[in-house]
Amino acid sequence: MARIVITGGAGFLGSHMCDRLVERGDEVVCVDNLVTGRASNIEHLVDHERFEFLPLDVSEELDVEGPVDAVMHLASPASPVDFDRIPIEILQVGSYGTHLGLELARKNQAVFHLNSTSEVYGDPHVHPQPETYWGNVNPIGPRSVYDEAKRFAEAMTMAYHRTHDLDVRIVRTFNTYGPRMRPDDGRVVSNFIVQALKGEPLTMYGDGSQTRSFCYVDDQVAGQLALLDSGHVGPVNIGNEHEFTVAELAEKVLAATNSSSPIESLPLPKDDPTQRKPDLTIARSVLGWEPQVELAEGITKTATHFATELNL
Ligand code: UDP
C-alpha cells in the first residue's frame, strides 16, 4: 500500500485514477481547486477511510502533511476551449504546479509522475508519433499555452531527475475520453455525444478529414498505473492506435446513439493538428500494456453516462 497525492484528482482523468488507486488498496490524497474538476466526480469517495480531499490550487501551494510515496501531477485544464478561456492558469499549473509537485516529491523521496500529452508533438510531421519525435509546435499560437506548459513540465521533470536523482515518470496521453468528461468541455467526443443525444447538429470543424486516436479512460488509467509501477522514466505514449477522421467519429456517434442529428460544418480552429496517432512500441514492450476498449464500445459507455447526467 502506498500514499499517493493526485493533483487534479477531481477532474475527468484524475477522478478515475483516484477510484483505481483506492480500489487496489492505496491511500489517496486528492488535490484540486475545481477550476475544471467537479466535486460530483469524487463525492462517492469522500467518506472512504483511504481518501482525503484537499481543495488547493496546486499552482500556489502543495503542502501535504505526512508521508508521500508518489505525486501524480494530473492537474490541468486540457480542452482547446480552455486554452482561450483560462490560458494563464494553464501555463501556471504546467510550470508552478509542476515545480511544487516536484518539490513535494523531492522532500519525501517519492516518485513524481507527470501526465504530459501528445500535444507536445504539436501538428506532427512524423506519423505515427514515437516518443523520440521532438514535435512541431507554434510557440505563440493559441494552443501554445497548453503545449508549451507541458513541454516545460517535461523539461522540469527531467531536470529534477538529473539534478536531484528524483525517481520520475512521464506519460504522454492521446485524446482520452469517457464518463465524467464535462458535457460542456468543448472537446469533440463530448460535444458530438451530447449534440447527438439532444438531436442537435454535430459541430464538425473543417471538412472532418483531420484524425485523432481516441483512448477510453479505463485503458488510459491502466497504462499510467503500469508506468507508475514499472520504474521506467519514459516518456511513454499511452493511447489507442486506431485512428479515425473526425467525420468517421461523427458517424460512429450517430450510430451508437441512434440519432438522426445532421452534421454541420464550422471553421477549423487555428493550428488544429491534422493527424495524431501514438506509436505504442514502448508501452507494449516495456509496460506490457495494450488498450482494450474499441471506439464504438467506449462511445456507448460514455453516451450512457451523459444520458443519465443530463436526463436525456
Ligand atoms: N472538433 C470538432 N468539433 C467539435 C470539437 C472538436 O470537429 O465540436 C475537432 C477539432 O477541431 C479537432 C478534433 O475534433 O480536430 C479533436 O478536438 P478535441 O478538442 O477533442 O481535441 P484536440 O484537438 O485537443 O485533440
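Structure: above.
Residues numbered from 1 in each chain as written. Predicted model: local features only at pLDDT ≥ 70, side-chain atom pairs only at ≥ 80, totals over all residues. Heavy atoms only, no water.

Attention shifts here to the overall build of the protein chain. When helices and strands are tallied, the protein chain shows nine helices and 13 strands. The C-alpha radius of gyration of the protein chain comes to 19 Å, within 12% of the 20 Å expected for a compact globule of 312 residues. Structurally, the protein chain occupies a C-alpha span of about 55 × 45 × 35 Å along its principal axes. Counting every position in the protein chain, which comprises 312 residues, the buried fraction comes to 56%. Accessible surface for the protein chain amounts to roughly 13000 Å². Of this, 51% is attributable to carbon and sulfur atoms. Side chains of the protein chain give 25 positive and 46 negative charges; the mean places of these two sets differ by 2 Å. (Helix = DSSP H or I, 4+ residues; strand = E, 2+ residues; numbered from the N terminus. Rg over C-alpha atoms; globule rule 2.2 N^0.38 Å. Buried < 20%, exposed > 50% of the residue type's maximum accessible area, 1.4 Å probe, protein only. Areas by Shrake-Rupley, 256 points an atom, 1.4 Å probe, with all protein chains shown as cover. Lys, Arg positive; Asp, Glu negative; His and termini not counted. Charge placed at Lys NZ, Arg CZ, Asp CG, Glu CD.)

Take the site of the ligand next. V188, T203, R212, D272 and R276 are the nearest of the 18 residues found near the ligand. Between R143 and the ligand, the recorded distance is 2.9 Å, taken from a side-chain N or O atom to an oxygen atom. Between the ligand and Q210 there is a distance of 3.0 Å, counted from an oxygen atom to a side-chain nitrogen or oxygen. Protein chains bury 96% of the 510 Å² of accessible surface belonging to the ligand in isolation. For the shell around the ligand, the secondary structure elements donating two or more residues are α5 (188–198) and β8 (202–205). Residues belonging to the shell around the ligand are distributed by class as follows: seven nonpolar, five polar and six charged. (Near = heavy atom within 4 Å. Polar contact = N/O pair within 3.5 Å; in protein donor to acceptor, adjacent residues only side chain to side chain. Nonpolar A, V, L, I, M, F, W, Y, C, P; charged D, E, K, R; others polar.)

With that settled, the discussion passes to the packing of α5 against helix α7 (residues 246–257). Between α5 and α7, the shortest axis-to-axis distance is 9 Å and the interhelical angle comes to 40°. Put simply, α5 runs oblique to α7. α5 and α7 meet at a crossing whose hand is right-handed. Every residue of α7 that contacts α5 at V188, V189, F192, I193, A196 and L197 is listed here: V246, L249, A250, V253, L254 and T257. Among the residues making up the contact of α5 with α7, the classes are represented as eleven nonpolar, one polar and no charged. (Axes fitted to C-alpha atoms, helices over the stretch in contact; angles between N-to-C directions. Parallel < 35°, antiparallel > 145°, perpendicular 65-115°, else oblique. Left-handed = near helix turned anticlockwise from the far one by under 90°. Contact = heavy atoms within 4.5 Å.)

What follows covers the pattern of salt bridges. Inspection of every chain in the model, using the stated rule, returns 23 salt bridges. Where R143 meets E119, a salt bridge forms, and the shortest distance between an N and an O atom there is 2.6 Å. Taken together, the residues R143 in the loop between β5 (111–117) and α4 (144–164) and E119 in the loop between β5 and α4 connect sequence positions 24 residues apart. For E119, a relative accessible area of 5% gives the class buried. Here R151 makes a salt bridge to E148, at a shortest N to O gap of 3.6 Å. (Salt bridge = Lys/Arg side-chain N within 4 Å of Asp/Glu carboxyl O.)

Okay, the environment of F214 next. Assignment of secondary structure puts F214 in the loop between β9 (211–212) and β10 (215–216). Remark: the alpha-carbon pair of F214 and G141, spanning 73 residues in sequence, is separated by 24 Å. Beyond its immediate stretch of four places on either side in the chain, F214 contacts N175, Y177, V188, V189, N240, H242, L249 and L295.

Now for a negative patch on the surface. On the surface, E60, E61, D63 and E65 cluster together to form a negatively charged patch. Its place among the elements puts D63 in the loop between β3 (51–54) and β4 (70–73). Since its relative accessible area comes to 60%, D63 is described here as exposed. (Patch = residues over 30% accessible without salt bridge, like charges linked within 9 Å, V, L, I, M, F, W, Y side chains within 5 Å.)

The next point concerns the nonpolar core. Inside soluble globular proteins, nonpolar side chains tend to come together where they are buried. With 44 residues, the main nonpolar core has I6 and M72 as its most contacted residues. Considering every element that reaches this core, the biggest residue donor is helix α1 (residues 12–23), with six residues. The residues contacting I6, other than those within four sequence positions of it, are G14, M17, C18, L21, V28, V29, C30, V31, M72 and L74. Judged by nonpolar contacts, the second largest core, of 25 residues, contains L56, V93, A110 and I170. (Core = buried A, V, L, I, M, F, W, Y, C linked by side-chain atoms within 4.5 Å.)

Before going further, it helps to spend a moment on the packing of aromatic side chains. A complete count under the given rule lists four aromatic pairs for this structure. Here the aromatic rings of Y121 and Y133 are separated by 6.0 Å at their centres, their planes lie at 25°, and the arrangement is stacked. On the criterion of sequence distance, the pair formed by Y121 in the loop between β5 and α4 and Y133 in the loop between β5 and α4 is long-range, its members being twelve residues apart. Of the two residues examined, Y121 and Y133, each falls in the buried class. The interplanar angle of 40° and the centroid separation of 6.2 Å between the aromatic rings of Y121 and F174 together place this pair among those described as tilted. Of this pair, Y121 sits in the loop between β5 and α4 while F174 sits in the loop between β6 (168–173) and β7 (176–177), placing them 53 residues apart in sequence. (Phe/Tyr/Trp six-rings, centres within 6.5 Å; stacked < 30°, edge-to-face > 60°.)

The next point concerns α4. With 21 residues, α4 ought to run about 30 Å at 1.5 Å a step, and its terminal C-alpha atoms sit 29 Å apart, in line with that. Among the residues making up α4, those that are buried are S144, V145, Y146, D147, A149, K150, A153, E154, M156, T157, M158 and Y160. On the buried face of α4, the contacting elements are α2 (80–85), α3 (87–108), β5 and β6. Immediately downstream of α4, the backbone of D165 shows phi near 60°, a positive value. (Expected span 1.5 Å × (residues − 1).)

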